[in-house]
Amino acid sequence: MIIINYERLNMNKTLLTFATLTLLNNTVIAEEQHSHDEDNKTTIQIQSIRGLLGNNDPIKHMRGQVRAGYIHLKEDALEKTSAYGLAGHVHFDSKKWYGLSVGASAYALLNPTQNQNRPELNADFFDANGKSFLLISEAYLHGQWGNTELKFGRQILDTPHADSDDIRLIPNYFEAYTLSNTDIKDLTLTTGLIRKMAGWENGVDSSEFVHISQTLGTESTDGIMYVAGIYDGITDVSLSLWYYHYADIANILYAEAGYTLHASKYLDITFGLQYDASWDTGKALLQAQDARTFGASIELVSEEMGVHVLMAHNKDNGSTGASGLSLGGGALFTSMEDQTLDAMGQAGESWVLGLGYHFEALGLEGLNAGIAYGSFQAEDASSYEVTELDAVVEYSFNERFSMVLAYADIDSKTDALSDYTQVRVIGNYNF
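Report follows, based on the coordinates.

What counts, and where the lines are drawn
- Residues numbered from 1 in each chain as written.
- Predicted model: local features only at pLDDT ≥ 70, side-chain atom pairs only at ≥ 80, totals over all residues.
- Heavy atoms only, no water.
- Patch = residues over 30% accessible without salt bridge, like charges linked within 9 Å, V, L, I, M, F, W, Y side chains within 5 Å.
- Areas by Shrake-Rupley, 256 points an atom, 1.4 Å probe, with all protein chains shown as cover.
- Salt bridge = Lys/Arg side-chain N within 4 Å of Asp/Glu carboxyl O.
- Lys, Arg positive; Asp, Glu negative; His and termini not counted.
- Charge placed at Lys NZ, Arg CZ, Asp CG, Glu CD.
- Helix = DSSP H or I, 4+ residues; strand = E, 2+ residues; numbered from the N terminus.
- Buried < 20%, exposed > 50% of the residue type's maximum accessible area, 1.4 Å probe, protein only.
- Core = buried A, V, L, I, M, F, W, Y, C linked by side-chain atoms within 4.5 Å.
- Contact = heavy atoms within 4.5 Å.
- Pairing = 2+ DSSP bridges.
- Polar contact = N/O pair within 3.5 Å; in protein donor to acceptor, adjacent residues only side chain to side chain.
- Phe/Tyr/Trp six-rings, centres within 6.5 Å; stacked < 30°, edge-to-face > 60°.
- Lys NZ or Arg CZ within 6 Å of the ring centre and 35° of its normal.

1. Comments concerning a negative patch on the surface
Among the surface-exposed residues, Glu303, Glu304, Glu360 and Glu365 lie close enough to one another that they form a single negatively charged patch. Here Glu303 is to be found in the loop between strand E17 (290–302) and strand E18 (307–316). For Glu303, a relative accessible area of 33% gives the class partly exposed.

2. Quick notes on the pattern of salt bridges
Enumeration over the complete set of coordinates arrives at 7 salt bridges. The residue Arg292 makes a salt bridge to Asp290 at a minimum N-O spacing of 2.8 Å.

3. Quick look at the nonpolar core
Membership of the largest hydrophobic core comes to 26 residues, with the highest contact counts inside it found for Phe174, Ile194, Tyr246 and Leu327. Residue contributions to this core peak at 4 residues, all from strand E13 (residues 224–234). Apart from residues no more than four positions distant in its own chain, Tyr246 is found in contact with His161, Leu216, Gly223, Ile224, Ile252, Thr281, Leu325 and Ser326. Leu109, Ile156, Trp200 and Val392 belong to the second largest nonpolar core, which has 22 residues in total.

4. Description of a nonpolar patch on the surface
On the surface, Val66, Val90, Tyr395, Phe397, Phe401, Met403, Tyr429 and Phe431 cluster together into a nonpolar patch covering about 690 Å² of accessible area. Note on Phe397: relative accessible area 42%, which makes it partly exposed.

5. Side note on the pairing of strand E23 (residues 420–430)
Where strand E5 (residues 64–75) meets E23, 11 bridges bridge the pair, whose relative direction is antiparallel. The residue bridging Ala68 from the neighbouring strand is Gly427, located in E23. Sheet topology note: the strand E22 (residues 401–412)/E23 ladder contains 10 bridges and is antiparallel. Residue pairing across strands places Leu405 opposite Val425, the latter belonging to E23.

6. A short note on the side chain of Ser323
Here Ser323 shows up in the loop between E18 and strand E19 (348–358). The class for Ser323 is buried, based on a relative accessible area of 2%. Polar contacts involving the side chain of Ser323 include one to the main-chain amide nitrogen of Leu325, which spans 3.4 Å. Among all residues touching Ser323, those that are not within four sequence positions of it are Ile252, Asp276, Ser278, Ala291 and Asp342.

7. Brief notes about unusual backbone geometry
Located in the positive-phi region is Asp186, a residue other than glycine, with phi close to 70°. Among the structural elements, Asp186 can be located in the loop between strand E10 (173–181) and strand E11 (187–198).

8. Re the packing of aromatic side chains
What the rule picks out here adds up to 14 aromatic pairs. Each ring, one from Tyr107 and one from Tyr173, has its centre 6.1 Å from the other, and the planes form 65°; the classification is edge-to-face. Highlighted residues: Tyr107 in strand E7 (residues 100–110) and Tyr173 in strand E10, separated in sequence by 66 residues. Neither residue differs from the other here; Tyr107 and Tyr173 are each classed as buried. Ring plane angle 50° and centroid distance 6.5 Å describe the contact between Tyr244 and Tyr246, whose orientation is recorded as tilted. Tyr246 carries the same exposure label as Tyr244, and that label is buried. An aromatic cluster is present here, built from Tyr226, Trp242, Tyr244 and Tyr246 joined pairwise through their rings. The ring of Tyr140 carries Lys151 above its face, with NZ or CZ at 4.3 Å from the centroid. Positioned above the aromatic ring of Trp200 is the side chain of Arg168, whose terminal nitrogen or guanidinium carbon lies 4.5 Å from the ring centre.

In structure tokens, the structure reads:
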């Protein structure tokens, strides 16, 4: 079966389970999954802290999930906001008929008490009015014939510039039409059209599928078309190239490369490079777009010791700053729990350092922790200079039940921006 859960470089599942769970992660996770065993080719997965925090694997949660969450945000000189709630979804896929099947999911969010309906309610958890809701989050036609696979309808996507970013009670969902083919050995070719978006980052109402133009804050367009190629035919190397066309807005070109060096029995080193460029097109409904963002990352991993050390850097040389057109957590290596370079709105740079530890090395299976520190600074530092400190603890009690605690402290170095802290707790039960 062709996997179309497009994480960075479209890798299937993270073999370095710790790195996925630690959530401390800077940017690079080495994934030693042999997709072509006869040639012993090793694939590489590169993700940011935000990408790992927001990872959503629909295969893992095939039947359903129940989750409970709490979020608290305190910003200087403003009232604190908070929320707690319950959520869950159930999913089914029909049997195949001549290569065709249908799938659907229903997603429910519950605001347990009416006393949360106040100005201090954090808006990230519920609908636009702070209310409970029920959403048909997935409804698709799935087809597979040989090495060709299609998926039409409401679904989860995880591409560099459109992803689930599952760090709240509901992830992002998309109405999209995707086609994938692997006839050429070691090469996955994919194309798609994205028309609508639901979930906590659609910018309008998480309980509704709204047109992409509404999410982007502009007049109606024909949506987003993309094509991509992902190649993993070289041992310990992965390459990907993505092209997006935002009708009458911009074009985006994204390229990424990863390489893992097995330095010794006890140490693996994974290197990552990325380039993200955008330029306006057609009516240029969102005005000029000129992003030229470079990124580099490195991760040192010692599974024997349970230690991961992570480092990443992004710099944009365009006139309008890193592209802010991502639908979700974004593609950049330095994206953190809160801050991302593409949200700065102007040229600048960012760097992140991270350290993680999985306690399995001490005999405590399922317990992982990490800490990361990042800096985000515009070329004109007087207009934007922020540092962020993240701390994350996750414990998987078993294959079904897990919890994650994430803390972010954002410190502004300018008078134009405020300091704030955020705490998020999410518990998941899979069935």
